[in-house]
Amino acid sequence: GGASAAGATGGAAAGGNAAAAGGPAFTKIQDRIQQGVQAGQPKQEILQSLVSDHLREQYGDKASPQMTAAVTEQFQSDPQLSQLFNSLYAKATQ
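Comments concerning the nonpolar core
Thought 1: Counting residues in hydrophobic clusters, the biggest one holds 11 residues: Ile-33, Ile-46, Leu-47, Leu-50, Val-51, Leu-55, Ala-63, Phe-85, Leu-88, Tyr-89 and Ala-92.
Thought 2: Elements supplying a minimum of two residues to this core: α4 (43-59) and α6 (79-92).
Thought 3: Considering each element in turn, this core owes the most residues, 5 residues, to α4.

Have a look at this one:
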């Protein structure tokens with residue numbers, strides 16, 4: 001909606017290291033994580049939703065559920081990707 005630009009700016013100021021290191025993209029992810037947590041979504045579902053949205057932005061109609069599942073699996077099985085998501089999740093839920 002219209003508040004996203006203002007929200008991203010405010011979030012970056014409060015977001016700490018991840019926002020400073022990653023810029024607006026990390027702030028946007030943290031905002032989405034917070035929304036999911038507030039909606040009562042499980043952590044796994046939030047990750048899957050983030051991956052799905054990103055793939056749709058990048059690939060449009062070519063983004064399939066199989067792509068989402070594969071990338072989500074990568075985030076869970078790769079130690080660095082898993083740590084990145086867990087770190088963003090922790091910051092977003094503080």
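The structure having been displayed, the exposition proceeds.
Brief notes about the environment of Ser-49
Thought 1: Mapped onto the fold, Ser-49 is located in helix α4.
Thought 2: For Ser-49 and Thr-68, which are 19 residues apart along the polypeptide, the C-alpha to C-alpha distance reads 8.7 Å.
Thought 3: Here Arg-32 takes part through its side chain, which lies 3.0 Å from a polar atom of the side chain of Ser-49.

Notes on the packing of helix α5 (residues 65-77) against α6
Thought 1: Two elements in contact, α5 and α6, have axes separated by 5 Å at closest approach and are oriented at 90°. Considered as vectors, α5 and α6 are oriented roughly perpendicular to each other. Only Pro-79, Leu-81, Ser-82 and Phe-85 of α6 make contact with α5, whose side of the interface consists of Gln-74, Phe-75, Gln-76 and Ser-77.
Thought 2: Broken down by class, the residue content of the contact of α5 with α6 amounts to 4 nonpolar, 4 polar and no charged.

About the criteria used
- Residues numbered from 1 in each chain as written.
- Predicted model: local features only at pLDDT ≥ 70, side-chain atom pairs only at ≥ 80, totals over all residues.
- Heavy atoms only, no water.
- Core = buried A, V, L, I, M, F, W, Y, C linked by side-chain atoms within 4.5 Å.
- Buried < 20%, exposed > 50% of the residue type's maximum accessible area, 1.4 Å probe, protein only.
- Helix = DSSP H or I, 4+ residues; strand = E, 2+ residues; numbered from the N terminus.
- Polar contact = N/O pair within 3.5 Å; in protein donor to acceptor, adjacent residues only side chain to side chain.
- Axes fitted to C-alpha atoms, helices over the stretch in contact; angles between N-to-C directions.
- Parallel < 35°, antiparallel > 145°, perpendicular 65-115°, else oblique.
- Contact = heavy atoms within 4.5 Å.
- Nonpolar A, V, L, I, M, F, W, Y, C, P; charged D, E, K, R; others polar.

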